[in-house]
Amino acid sequence: MSRIDDYLAAHAARFEDDLCAFLRIPSVSADPQHAADVAAAARWVADQFAGLGFAVEVIPTKGHPLVFAQSPTVPGAPTALVYGHYDVQPADPLEKWITPPFEPTRRDGNVYARGATDDKGQMLTHVKSAEAWIAAEGRLPINLKYIIEGEEEVGSMALEEYIAGHAEKLRCDCVVISDGGQFAPGIPAITYGLRGIAYYELRLKGPNRDLHSGSFGGSVANPANALAQVLGALIDDQGRVQIPGFYDDVTPLTPREREQFSQLPFDEQRYFEQIGVAVGAGEAGYTTLERRWARPTFDINGLWSGYQGAGAKTVLPATAGAKFSFRLVPNQEPSKITAALKWRLAELCPPGIEMELIDFHNSPGVLAPLESKYVEAAARAIERAFGRPPVFTREGGSIPIVAAFHEALKADTLLLGWGQDDDNTHSPNEKFSLADFHRGIRASAQLWAELADLGGK
Ligand code: BES
Ligand code: MN
Ligand code: MN
């Protein structure tokens, strides 16, 4: 690997410049106004692969385009499929950013920009590692395929459909994803579990217009009151979700796994201090890591109704609404959750209120086996680049497509996160450590060698 290491060192500054160019593209998938920017980001990614001499396609979809690339064939060698996403979350609230979200800025060893860690910076490590192999060794030791999408942050609908119809094209020995985090500074991780998600919007309608809350209040249902009541009734004071059958299919934590979680060097005080809360909260009977990684939850993601301006306005609002989601754990089935939710909402809906539920997107939780030669290969690669072996963790976030990969391709996924838990993903001042960026590239380059050593199937 010494020629590759030399190449990585010689080109480190340009890699950072390339990342900054990528981060300058405001590829916000949720916002139709950014559709052209999302397309430009797809093009940017495709150009990276073209520059490596890979066969590359920008594939149009009903939503945002997919980028598929393939390296020249190495006969007899295994094939890894790299997945990543070039779309980013909305950057608001803009006034909370120290430097603007789409003007990447290098400060104290980090690059600050929307998408820095999620997922542009992490995804790019697997592109630059391929470049280093080709430039320093003349060829890659394995076959690489890449599928990079622009809708991860909005549910991966187009990719899900594409995978179902193109299993042969995507066929691989393992899937590689860097779209998560290390366990803690200096403690790299391999993630073997992700939570799923079911995301909804609820709209409540009452009177045909906003009313004087004195003249009418108390005589007709108030949609804002109703919304508070309905949402409040979806979870109890023990943090238990109040939907029939919600916990029926939950795969419980085993005593062994609880023991393993408790052995991880989790600095709970630092965790809470960093986010500015005095005490934790959640489902009774579980530790913080258990709550984050292995228990289902209910969270309101947005809430609106009535008067939001300065001062007071005595109004009985005509409408109210909320966006909310459940994080799901392995074996909970999103469609069953939706059906049970509808039943529960009908039960809770007060007279005089019309309710409409919009089902945005959902995906199940996943658990990947740890007893795998690919996991062992990845652990060796990470140890080489990060100077210590990874711990094995689960994550609370969701990567909707992982379940689909498993189903359609029957391939295991390696979740190798290079981020940190203070990277501010989805928050203002998102960042990615440049040291982690370069270590990620090195681990990725090493991974190609380790996978090659395993030989083909
Ligand atoms: N990279 C994250 C998922 C993630 C977060 C993995 C933390 C591991 C640790 C991903 O981009 C993401 O934000 N996913 C969404 C999915 C949703 C919009 C369908 C999520 O988890 O909210
Ligand atoms: Mn991501
Ligand atoms: Mn994300």
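Look above for the structure.
What counts, and at which threshold
- Residues numbered from 1 in each chain as written.
- Chains lettered and ligands numbered in written order.
- Predicted model: local features only at pLDDT ≥ 70, side-chain atom pairs only at ≥ 80, totals over all residues.
- Heavy atoms only, no water.
- Helix = DSSP H or I, 4+ residues; strand = E, 2+ residues; numbered from the N terminus.
- Rg over C-alpha atoms; globule rule 2.2 N^0.38 Å.
- Buried < 20%, exposed > 50% of the residue type's maximum accessible area, 1.4 Å probe, protein only.
- Contact = heavy atoms within 4.5 Å.
- Areas by Shrake-Rupley, 256 points an atom, 1.4 Å probe, with all protein chains shown as cover.
- Lys, Arg positive; Asp, Glu negative; His and termini not counted.
- Charge placed at Lys NZ, Arg CZ, Asp CG, Glu CD.
- Donors = N, O, S within 2.8 Å, 3.2 Å for Na, K, Ca; no water.
- Tetrahedral: all angles 85-135°; square planar, octahedral: opposite > 155°, others 65-115°.
- Pairing = 2+ DSSP bridges.
- Axes fitted to C-alpha atoms, helices over the stretch in contact; angles between N-to-C directions.
- Near = heavy atom within 4 Å.
- Polar contact = N/O pair within 3.5 Å; in protein donor to acceptor, adjacent residues only side chain to side chain.
- Nonpolar A, V, L, I, M, F, W, Y, C, P; charged D, E, K, R; others polar.
- 1 Å grid on protein atoms, 1.4 Å probe; cavity = no way out; pocket = protein on both sides within 12 Å on 5 of 7 lines; lining within 4 Å.
- Points joined across faces, edges and corners; volume = space filled by probe spheres on them.

Novice: An account of the overall build of the protein is requested, with residue identities and associated values reported.
Specialist: Scanning the protein from N- to C-terminus turns up 13 helices and 18 strands. For 457 residues, the compact-globule formula gives about 23 Å, and the C-alpha radius of gyration of the protein, at 23 Å, lands near that figure. When each of the 457 residues of the protein is scored for burial, the buried share is 53%. The long-range share in the protein, meaning contacts at least 24 apart out of those at least 6 apart in sequence, stands at 80%. Of the roughly 19,700 Å² of accessible surface on the protein, a fraction of 52% belongs to carbon and sulfur atoms. Charged side chains in the protein number 42 positive and 59 negative. The centres of these two groups are separated by 1 Å.

Novice: Mind laying out the coordination of the manganese ion (ligand 3), listing which residues take part and the relevant values?
Specialist: Protein ligation of the manganese ion (ligand 3) involves Asp 118 (OD), Glu 153 (OE), Glu 153 (OE) and His 426 (NE2), the donor distances falling in the range 2.1 to 2.6 Å. Here the manganese ion (ligand 3) binds six donor atoms, and the angle range of 54 to 156° at the metal identifies the geometry as irregular. In primary sequence terms, the donor set of the manganese ion (ligand 3) follows D-x34-E-x272-H. The distance between the manganese ion (ligand 3) and the manganese ion (ligand 2) comes to 3.6 Å, with Asp 118 serving as a donor to both metals. Here His 426 lies in the loop between strand E17 (412-415) and strand E18 (431-433) and Asp 118 lies in helix H3 (residues 116-137), a separation of 308 residues in the sequence. Asp 118 gets classed as buried once you look at its relative accessible area, which sits at 11%.

Novice: Account for the coordination of the manganese ion (ligand 2), naming residues and giving values.
Specialist: The manganese ion (ligand 2) binds to the protein through His 85 (NE2), Asp 118 (OD), Asp 179 (OD) and Asp 179 (OD); the donor distances cover 2.0 to 2.4 Å. Taken together, the six donor atoms coordinating the manganese ion (ligand 2) and their angles of 58 to 165° define a geometry best described as irregular. Each donor residue of the manganese ion (ligand 2) belongs to the same chain, with the gaps between them written as H-x32-D-x60-D.

Novice: Could you give an account of the sheet that holds E18, naming the residues involved and the relevant values?
Specialist: Pairing is antiparallel across the open sheet formed by three strands, whose spatial order is E4-E5-E18. What marks the edges here is a single partner per strand, and that holds for strand E4 (105-107) and E18. Between one strand axis and the next, the sheet turns through 25° on average, direction left out of account. In the sheet, strand E5 (residues 110-112) pairs with E18 via three bridges, with the strands oriented antiparallel. The residue of E18 that forms the bridge with Val 111 is Phe 432. Against the sheet, helix H1 (residues 2-23) engages E4 and E5, with an angle of about 130° to E4. Strand contacts of H3: E5 and E18, with the helix running at about 45° to E18, the strand carrying the most contacts.

Novice: Quick one: what's the story with the site of ligand 1, residue by residue and with numbers?
Specialist: Close to ligand 1 lie 15 residues, the nearest being Glu 152, Asp 179, Arg 327, Ser 398 and His 426. Contact distances for ligand 1 include 2.7 Å between an oxygen atom and a side-chain N or O atom of Glu 152. With respect to ligand 1, the backbone of Ser 398 contributes an N or O atom lying 2.8 Å from a nitrogen atom. For ligand 1, whose free accessible area comes to 520 Å², the fraction covered by protein is 86%. Along the lines of polarity and charge, the residues of the shell around ligand 1 split into three nonpolar, six polar and six charged.

Novice: Lay out helix H12 (residues 401-409) with the relevant residues and their values.
Specialist: By the burial criterion, the buried members of H12 are Ile 401, Val 402, Ala 403, Ala 404, Phe 405 and Leu 409. At the C-terminal side of H12, Lys 410 shows a positive phi close to 55°.

Novice: Can you lay out empty space enclosed by the protein for me, pointing to particular residues and giving the numbers?
Specialist: With the rule as written, the count across this model stands at one cavity of 30 Å³ or more. Counted as a void, the largest cavity has a volume near 30 Å³. For the largest cavity, the full set of lining residues is Ile 190, Thr 191, Tyr 192, Ala 368, Pro 369, Leu 370, Val 375 and Thr 413. The biggest single contributor to the lining of the largest cavity is strand E8 (residues 189-194), with three residues.

Novice: Give a description of the layout of surface pockets that names residues and reports values.
Specialist: Taken as a whole, the second largest pocket spans an internal volume of roughly 450 Å³. Taken together, 27 residues make up the lining of the second largest pocket; nearest its centre are Pro 364, Val 402, Ala 403, Ala 404 and Glu 407. Of all elements in the fold, only helix H4 (157-165), E8, strand E14 (354-363), strand E15 (366-367), H12 and E17 reach the threshold of two or more residues within the lining of the second largest pocket. It is H12 that contributes the most residues to the lining of the second largest pocket, six residues altogether. Among the residues making up the lining of the second largest pocket, the classes are represented as 17 nonpolar, seven polar and three charged.

Novice: Can you tell me about the sheet that holds strand E11 (residues 297-305), naming the residues and giving the values?
Specialist: Pairing is antiparallel in the open sheet, where four strands are placed in the order E11-E13-E9-E14. Two strands close off the open sheet at either side, each with one partner strand: E11 and E14. Averaged over all pairs of adjacent strands, the angle between strand axes in this sheet comes to 15°, irrespective of strand direction. Inspection of the sheet shows E11 paired to strand E13 (residues 319-328) by eight bridges, in the antiparallel sense. Across the sheet, residue Leu 303 finds its bridge partner in E13, namely Ala 322.

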